[in-house]
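# Remarks on the overall topology
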Amino acid sequence: MRCVEIPGLDKTSVGLLNKPLFGSASVGARVTHDGAGLYKTGHECVSLTTIRCVGIAQHRGFVMRAFHRSCAGLVLVTALVAASCGSDDDSGAPEASVEQEGSAATEPSVASNDSVETDATTAPVAAACGVLEAGIPEDFDVLDPHIGAGETPATWLPLVYETLVGVDKAADITDGLATDWSISDDGLTYTFNLRQGVTFHNGEMLDSSHVKWNLDRIIDPETAASSQSTLAVIDSVETPDPATVVLNLSEPSSPLISALAQQQRVGIMHPDSVGADGAFAEGIGTGPFTFVAYSSGDRLQLDAYQDYWGDNALLEGVEVRIIPDATARLNALSTGDIDFAWAVPAEDAASLAEDGSFQIQENIQNRGNFFSINIDKPPFDNPKLREAMQLAVSRSDIAAAGWNGFAVETMQPYNETSFWYLDKELRTDADLETARSLVQEAGAEGTPVTIVQWDQLGSDAEAQIVASAWNDIGLDATIEKASGADLISQSEGEDWDVIYLWIGLITDPVRAYNFLYQSDATRNGISGGIQSDEMDQLLTEASQSSDPDERKALYSDVMQINLDLFAQFYTVRPFGYVGVGNDVTGFEQGVYYVQYQGGGMSYACVPADD
Amino acid sequence: MDLNVLRRRRATGAAPKRRLLVNVINWLALGIVLVTLVSAVFAPLLTDFDPNQASPVDRFLAWGEDGHLLGTDHIGRDLLTRLLFGARLVWIVGLSVSLLAIIVGGALGAMAGYIGGRTDDVVSRAADAVLAFPPLLLALVLSAVMGPSTRTGIIALAIVYTPLVVRVSRAAVIGERHLSYVDASRGLGNSEARTLIRHVFPNVGGALFVVGSVVVSRAIIVEASLSFLGAGTQPPTSNWGVMIAEVRELIFSKPGQVLLPAFVLSATVLSLNLVSDFLSDRIDPRHSQDGLA
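Residues numbered from 1 in each chain as written. Chains lettered and ligands numbered in written order. Predicted model: local features only at pLDDT ≥ 70, side-chain atom pairs only at ≥ 80, totals over all residues.

## As for the overall build of chain A
Across its full length, chain A carries 17 helices and 26 strands. For chain A, the residues scored as buried account for 51% of the 610 residues in total. Of the contacts formed within chain A by residues at least 6 apart in sequence, a portion of 70% connects residues at least 24 apart. (Helix = DSSP H or I, 4+ residues; strand = E, 2+ residues; numbered from the N terminus. Buried ≥ 20, exposed ≤ 12 C-beta atoms within 10 Å, placed from the backbone. Contact = placed C-beta atoms within 7 Å.)

## Describing the interface of chain A and chain B
Contacts between chain A and chain B engage 20 residues on the former and 16 residues on the latter. Listing elements by their share of the side of chain A that touches chain B, those giving two or more residues are α8 (326–334), α9 (346–353), α11 (395–402), α13 (460–472) and β20 (476–482) of chain A. Ranked by the residues each element gives to the side of chain A that touches chain B, the list is headed by α13(A), at six residues. Taken together, the residues that form the side of chain A that touches chain B break down as eight nonpolar, seven polar and five charged. (Nonpolar A, V, L, I, M, F, W, Y, C, P; charged D, E, K, R; others polar.)

## A few points about the nonpolar core
Ranked by internal contacts, the top residues of the largest apolar core, which has 81 residues, are Leu315(A), Val318(A), Val344(A) and Ala604(A). Aside from chain neighbours lying at most four places away, what touches Leu315(A) is Cys129(A), Val131(A), Leu132(A), Ala304(A), Ala604(A), Cys605(A) and Val606(A). The next biggest cluster of nonpolar side chains, apart from the first, holds 66 residues, and it includes Leu80(B), Ala158(B), Leu208(B) and Phe278(B). (Core = buried A, V, L, I, M, F, W, Y, C linked by C-beta atoms within 7 Å.)

## Comments concerning the sheet that holds β20(A)
Residues and elements named next belong to chain A. In space, the five strands of this open sheet follow the order β20-β19-β21-β17-β22, with mixed pairing throughout. Of all the strands in the sheet, just β20 and β22 (568–570) have a single pairing partner and so form its edges. For this sheet, the mean angle separating the axes of adjacent strands, direction not counted, is 25 degrees. Pairing between strand β19 (residues 448–454) and β20: seven bridges, direction parallel. Within the sheet, the bridge partner assigned to Pro 448 lies in β20 and is Asp 476. Sitting on the sheet, α13 is in contact with β17 (368–373), β19, β20 and β21 (498–503), with an inclination near 155 degrees to β20. (Pairing = 2+ DSSP bridges. Axes fitted to C-alpha atoms, helices over the stretch in contact; angles between N-to-C directions.)

## Focus: the pairing of β21(A)
All names here are of chain A. Here β21 lies mainly inside the structure; five of its six residues are buried. One ladder, built from six bridges, connects β17 with β21; its direction is antiparallel. What sits directly across from Ser 372, in β21, is Ile 499. In this sheet, β21 lies alongside β19 in parallel orientation, the contact comprising three bridges. Following the sheet pairing, Val 452 is matched in β21 by Ile 499.

## Re the confidence of the model for chain A
Looking at chain A as a whole, its pLDDT mean stands at 76, while 77% of the residues score no less than 70. Note that pLDDT drops below 50 for residues 1–126 of chain A; the model gives that stretch 238 contacts with residues more than four away or on any other chain. (pLDDT = per-residue confidence, 0-100.)

## Notes on the packing of helix α15 (residues 509–517) of chain A against helix α16 (residues 533–544) of chain A
Residues and elements named next belong to chain A. α16 packs onto α15 with a crossing angle of 150 degrees between their chain directions and a minimal axis gap of 10 Å. When the axis of α15 is compared with that of α16, the two are roughly antiparallel. Remark: the crossing between α15 and α16 carries left-handed chirality. Contacts from Val 510, Tyr 513, Asn 514 and Tyr 517 of α15 reach α16 at Met 535, Leu 539 and Ser 543. The class makeup of the residues in the contact of α15 with α16 is five nonpolar, two polar and no charged. (Parallel < 35°, antiparallel > 145°, perpendicular 65-115°, else oblique. Left-handed = near helix turned anticlockwise from the far one by under 90°.)

## Some points on unusual backbone geometry
For the bond from Pro378(A) to Pro379(A), the omega torsion is -5 degrees, close enough to zero to count as cis. Within the secondary structure layout, Pro379(A) lies in the loop between β17 and α10 (383–392). With an omega dihedral of 10 degrees, the bond running from Pro235(B) to Pro236(B) counts as a cis peptide bond. Tracing the backbone shows Pro236(B) in the loop between α8 (192–228) and α9 (240–246). Its identity is not glycine, yet Phe60(B) carries a phi of approximately 55 degrees, on the positive side. Within the element layout of this structure, Phe60(B) appears in the loop between α2 (14–46) and α3 (79–115).

## Considerations on the packing of helix α7 (residues 180–187) of chain B against α8(B)
Residues and elements named next belong to chain B. Taken N-terminus to C-terminus, the directions of α7 and α8 make an angle of 140 degrees; their axes are 10 Å apart at the nearest point. By the criterion of interaxial angle, the relationship of α7 to α8 is oblique. Note on packing geometry: the crossing formed by α7 with α8 is right-handed. In this structure, α7 uses Tyr 181, Val 182, Ser 185 and Arg 186 to contact α8, whose residues at the interface are Thr 195, His 199 and Val 200. Along the lines of polarity and charge, the residues of the contact of α7 with α8 split into three nonpolar, three polar and one charged.

## Regarding the pairing of strand β10 (residues 234–241) of chain A
All names here are of chain A. As defined by bridge partners, β10 adjoins strand β11 (residues 244–249) across five bridges and the pair is classed as antiparallel. Within β11, the residue paired with Glu 238 across the bridge is Val 246. Taking the residues between adjacent antiparallel strands as the criterion, β10 and β11 are bridged by two residues.

Take a look at the structure:
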């Protein structure tokens, strides 16, 4: 590592430069890392970074003064650094810039230098961001960006791999590795223009042939990619020139664009990531971080990628540690052992966060817990009994007692902020009287009901509340736990009563509706085994329509059929939380993702000596 | 303890006070054990509530509120009821494990000790092999293989604690088998089996009883641990380990919810240990210094 000596820059001012007042979004400044060089203060070698003063928000007096002073001083420092770097025969001059917007920013006093642009004032600054340590509950099943469908790969692989179509903080579609795209009028031809200057972690430039290789691999059934069925409508992939990719579809497919944005399923990697035998060997992506090491069940280490096409990550790296126990994860966070915790238990997190060692951010998800009743098995084939069972359930009780208030009542898998949220009546309280009389009408008093719960998921309390409610109306409910595989195979058979599960990680409604309700769907059993021609018709129309409003209306009808059948019913959407250590600055959790276009982990900073 | 020290203490009057204290503790322990035993037997008669019936509107009631003597848990179940029914499971587990271990382990140990030779080698080495594993780990592995349930927990723990009984039983039988009454029994023409069962076994029964009572208390705590870890009794069944596990995420916000079952579990196990300690003193008078006088 090359160090540049800067006279007069002491450790305190370096510390000041790295403190939250610059990194923190709350003061409106964002520290970005250009990785171009290093400078030396005392005995420490610290990375060079650039600061963008993007307006300044209100902050405490000291901080404001310090900010004013150092924003001016910064530029001076910058110039010095730039000068010393620039005069170095090694041509690694930092391409640094301070963009000043907003009236509060101080007037830059710039020592002129050829590497400093005077209009977008340039200022490389010391921000010694270190390695962020994160604690997560579940291990990565795979690091292959075409296979991983679980929550862990979905959350963390976007740090390494990027997709053709990107998502923003709200998980809405935005540009990704393709800057823009167009769809032919018949909906059969998609043309993507690739971003220029994107390199893989092995240094090679991204071009259309790489994209074609990835798509072909996903479509190939042998790969067993999780998006294979959705992308199977792609007939052929053409590459007229290195910057253009053309997809020819066999039929119009409205979910295609959002399917291409599913970061965990369709990440673009270099063909060398796969060994000669066709098996995934090492992940070479284009994202802001690169793989360093992975040990199963223990941790995944990532380093910042210094030739990233966008803003380089501020962090030196990210270490994702697998800490299955929620309380242990929370303790590690509050003692400062880790800087970031995924999925922290809400109630304890809230009370511990008051102590001030970390804060919690809500991880808004599209998710819904649900119970499905086997509509084919007597006596559950009687709609009156099913209606009674649904009426007996109090969603507000489940939210309050089952999830300690950290859940909201829902009857669908989408959250209120989503475009796909259906405006339907939501019954929050139980109607035990009606339920009891319906049970009597159905002649089903004393019917044994076995609720099968996935042993790894869900809340025992929620299952217990529902079972108790059913006992209240004259049924005899018990809870049985099953492994995921057992539960799936039970749902495919005929001999089950009720399944308690949840669906999540969904963006396009194809996954939320077709997946469950279509008569020949892989998970038809989980929704209670609905076989409805009308529903199938609606689902097919919805997946072929390209008008979102029309699709939403169709899905609303689909949900209505499910509601009228009393087959599957959603109860609550539990809140997800991430815990963020107080010394982490600049991080904002997106919907699902810790990395998205324009924000996330690569904009976070944690002091290096921490 | 050195006899002279004891005599001196008696002379100064210090010993009676200590004896009194020890007596009080022992009686208290016996009392707690009896209370849990009575709870276990008469649980349904002692409470009006259903241990598994949730009533979310009544969650987190304080002690004594609405007839809930010890309040309610996170989904509104009566805590006292759950503790009483938990006691039932505790005793079922403790006694079943102990009984299984004593029957199997006692028989194997007696056989090994009485016959000796190759039989002894095989039984002893097998027991050593099982004893080499930490009990909780072995129980976890067994329950993972068999699928978690109360029954699995009992079988796993019986396997874990059998070698302990084997060793005690074998040692006791070896101690007895050269005594003259054994020769006398043989001399009278009794078969080896009859000698062992009718004459030797009653003489090692005391030792087995003591080890059995130790197994009860150990089994209770390991089963609670198993259930806490999700490898034993499954929720919603009322079990003290399950009760702790269900509310463990509330340890900072509602510590009482976690501490109550934890305290009951600790008190019960401690009491059982004291009682079994006292029993071993009574049954083997050579060790007796204090006790329920």
